[in-house]
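Fold and contact review
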Amino acid sequence: MSKVSIIIPMYNVENYISKCILSCINQTEKNIEIICIDDESKDNTLKIAKTYAKKDNRITVISQKNSGVSVARNNGLKIAKSQWIMFVDGDDWLKDNTIELFLDKADDKYDILISGFYTYFEDSKHIHDDRFFNIGEHVFSDLDKIELIKSSICQTSITNLKSSTNVGVPWAKIYNSKFIKKNELKFVNGLNRMQDMVFNINAFENSNNIFYFNEATYYYRVNLSSATKKYNSNFDNTCIIILKQIELFLKNYKLEKELSNYYEAKKIKLLLELIRIKYSRDELNLSTHDKIKKLRMFIKDIKIQKKYDKNIYCLLNKKEKIMYLLLNINALPIVYYLYRLKALKNK
């Protein structure tokens, strides 16, 4: 049995997938399996992956009808045979000794291991030595694993505020496969944003011991044309699904009171993201009046608190805090215009 199954969801990444697969093939630890799941790419991604599979019998390539990254990762989990599971996005890559670094620290008592990472900014070609937390090597247990959940939803005192992302992502980690199977962990089908956050808050809550170390093992590509930057006409519905998943999680584990402020802060973050990638964009062919009207309806639907709350305020970043204050004086049009001006500037 191989030691680690590397699951790579792929969709239209022909310019990056070779670097990704080669970084897995060339690991110093050779006892691995590489599972590539193509989500009906329209370019040469699948063809490139199959070419590597012909040369290396550790590689399995699966094709699926276009169903999203959640289904792709779940299909990879179904056939993974190793003791440990790792997720790698098709436009990212690993250090040559990533697997070795993880396995040197791995132990059956750990359900998950988390490392630091590098952020690669594609526009400037700059690589930043990054990490999720502002702490050193640490074992999260039942006593403090709630900090991982909080950090996945918003931020906490241990969150590295300069990081390009948070610990809710599925990469820069290995998961014990027995742990995943025992708790029936899987990604939410049909959710095309933050599905990894939903997966991980459930994983963190069900874990007993999670080992964190700062050494970077993973190269995370920040691409300005990625799904998180593009216009998204359906993001209203995505936000509602995300919030329902968080609400269900809080209810199932009786965390409503303890994490209520984090849930409310997430509503604010999602509202601002919705304005940024949908309502401030030229692609949405509506008048300003109609856009603001729809945003007011969205605010009502997700039940954003109208009253200022310092406990919510402190969970937001600097820009979000300004927007939150504006929202609390009923200045939604100003918030909209600020995002609109930035969208026009970025054209």
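Residues numbered from 1 in each chain as written. Predicted model: local features only at pLDDT ≥ 70, side-chain atom pairs only at ≥ 80, totals over all residues. Heavy atoms only, no water.

**A short note on the overall build of the protein**
What counts, and what does not: Strands here mean DSSP runs of E at least two residues long; helices mean DSSP runs of H or I at least four residues long; both are numbered from the N terminus. Here the radius of gyration uses the C-alpha set of atoms, whereas the globule reference equals 2.2 Å times the residue count to the power 0.38. Relative accessibility under 20% of the residue-type maximum defines a buried residue, over 50% an exposed one, and the middle range a partly exposed one, all with a 1.4 Å probe and only protein chains included. When charges are counted, neither His nor the chain ends are considered; positive counts come from Lys and Arg and negative counts from Asp and Glu. In plain terms, the charge of a residue is placed at NZ if it is Lys, CZ if Arg, CG if Asp and CD if Glu.
In terms of helices and strands, the protein carries 13 helices and 10 strands. For 347 residues, the compact-globule formula gives about 20 Å, and the C-alpha radius of gyration of the protein, at 20 Å, lands near that figure. If one aligns the C-alpha atoms of the protein with their principal axes, the spans along those axes are about 60 × 45 × 35 Å. Looking at the protein as a whole, 55% of its 347 residues are labelled buried. For the protein, the separation between the mean place of its 56 positive charges and that of its 41 negative charges on side chains is 6 Å.

**Concerning the side chain of Asp38**
We count it as follows: What makes a salt bridge here is a side-chain nitrogen of Lys or Arg within 4 Å of a carboxyl oxygen of Asp or Glu, nothing more. Whenever a nitrogen or oxygen atom comes within 3.5 Å of another N or O atom, the pair is scored as a polar contact, on the condition that within protein one atom can donate a hydrogen and the other can accept it, and that pairs from neighbouring residues in sequence are kept only if both atoms are in side chains. We call two residues contacting when some pair of their heavy atoms lies within 4.5 Å.
As for its placement among the helices and strands, Asp38 is situated in strand β2 (residues 32-38). For the buried Asp38, no salt bridge exists, and the shortest N-O distance to an oppositely charged side chain is 8.2 Å, to Lys50. In this structure the side chain of Asp38 is engaged in a polar contact, spanning 2.6 Å, whose partner is the side chain of Ser41. Aside from chain neighbours lying at most four places away, what touches Asp38 is Met10, Thr45, Leu46, Ile62, Ser63 and Gln64.

**Concerning the packing of aromatic side chains**
Operational definition: Here the aromatic set is Phe, Tyr and Trp, taking the six-membered ring for Trp, and pairing holds for ring centres within 6.5 Å; pairs whose planes are under 30 degrees apart are stacked, those over 60 apart are edge-to-face, and all others are tilted. By definition here, charges over rings are those cases where NZ of Lys or CZ of Arg is within 6 Å of the ring centre and within 35 degrees of the ring normal.
Taken as a whole, this structure holds 24 aromatic pairs when the rule is applied. Each ring, one from Tyr336 and one from Tyr337, has its centre 5.2 Å from the other, and the planes form 70°; the classification is edge-to-face. Here Tyr336 falls in the buried class, since its relative accessible area comes to 2%. Cluster of aromatic residues (ring-pair linked, three or more members): Phe117, Phe132, Phe133, Phe140, Trp171, Tyr212, Tyr218 and Tyr220. Directly above the ring of Trp93 sits Lys19, whose terminal nitrogen or CZ lies 4.7 Å from the centroid. The lysine or arginine in question, Lys105, covers the ring of Phe213, its NZ or CZ lying 5.1 Å from the ring centre.

**A short note on the environment of Ile32**
Mapped onto the elements, Ile32 comes out in strand β2. C-alpha of Ile32 to C-alpha of Ile268: the two residues are 236 residues apart in sequence and 42 Å apart in space. Those residues within four positions of Ile32 in sequence are excluded, and the remaining contacts are Ser2, Val4, Ile6, Cys24, Gln27, Arg58 and Ile99.

**Points about helix α2 (residues 45-55)**
We count it as follows: This arc corresponds to the set of directions leading from the helix axis out to the C-beta atoms.
The complete set of buried residues in α2 reads Thr45, Ile48, Ala49 and Tyr52. One side of α2 holds all its buried residues, which, seen down the axis, span an arc of 95°. Opposite the buried face of α2, by more than 90 degrees, sit the exposed residues Lys47 and Lys54. Buried residues belonging to α2 abut β1 (4-10), α1 (17-25), β2 and β3 (59-63).

**What about the nonpolar core?**
So the rule is basically this: Here the nonpolar core consists of buried residues drawn from Ala, Val, Leu, Ile, Met, Phe, Trp, Tyr and Cys, with membership extended through side-chain atoms lying within 4.5 Å.
Grouped together as the largest cluster of nonpolar side chains are 110 residues, with contacts concentrated most on Ile6, Ile8, Ile21, Met86, Ile114 and Phe132. Take this core: its biggest share by element is 11 residues, from helix α9 (residues 260-279).

**Considering the packing of helix α8 (residues 235-252) against α9**
Helix-helix packing: each pair is described by the crossing angle between the helix axes and the interaxial distance. As a reminder of what qualifies: In this description, a line fitted to the C-alpha atoms serves as the axis of each element, helices being fitted only across the stretch in contact, and the angle between N-to-C directions of two axes falls anywhere from 0 to 180 degrees. Here is the rule for angles: anything less than 35 degrees is roughly parallel, anything more than 145 is roughly antiparallel, 65 through 115 is roughly perpendicular, and the remaining ranges are oblique. In this scheme the crossing of two helices becomes right-handed for a clockwise turn of the near helix relative to the far one and left-handed for an anticlockwise turn of less than a right angle. Polarity classes work like this: nonpolar for Ala, Val, Leu, Ile, Met, Phe, Trp, Tyr, Cys and Pro, charged for Asp, Glu, Lys and Arg, and polar for all others, with Gly in that last group.
Closest axis-to-axis distance for the α8/α9 pair is 10 Å, and the angle between their directions is 165°. The angle between α8 and α9 falls in the class roughly antiparallel. Handedness of the crossing formed by α8 with α9: right-handed. From α8, Phe235, Asp236, Cys239, Ile242, Leu243, Ile246, Glu247 and Leu250 reach across to α9, where they touch Tyr263, Lys266, Lys267, Leu270, Glu273, Leu274, Ile277, Lys278 and Tyr279. In terms of residue class, the contact of α8 with α9 is made up of 11 nonpolar, no polar and 6 charged.

**A word on the side chain of Lys145**
Its place among the elements puts Lys145 in the loop between β8 (138-140) and α5 (146-153). Looking at Lys145, the relative accessible area reads 9%, which means it is buried. At 3.0 Å, the side chain of Lys145 forms a polar contact with the side chain of Asp142. Non-local contacts of Lys145, meaning those with residues more than four positions away in its chain, are made with Phe140, Phe204, Glu205, Asn206 and Ser207.

**Structural notes on the packing of α1 against α2**
With their axes 10 Å apart at the nearest point, α1 and α2 run at an angle of 25° to one another. The angle between the axes of α1 and α2 places the two elements in the roughly parallel class. For the pair α1 and α2, the sense of crossing is right-handed. Along its contact with α1, which presents Ile17, Ser18, Ile21, Leu22 and Ile25, the element α2 presents Thr45, Ile48, Ala49 and Tyr52.

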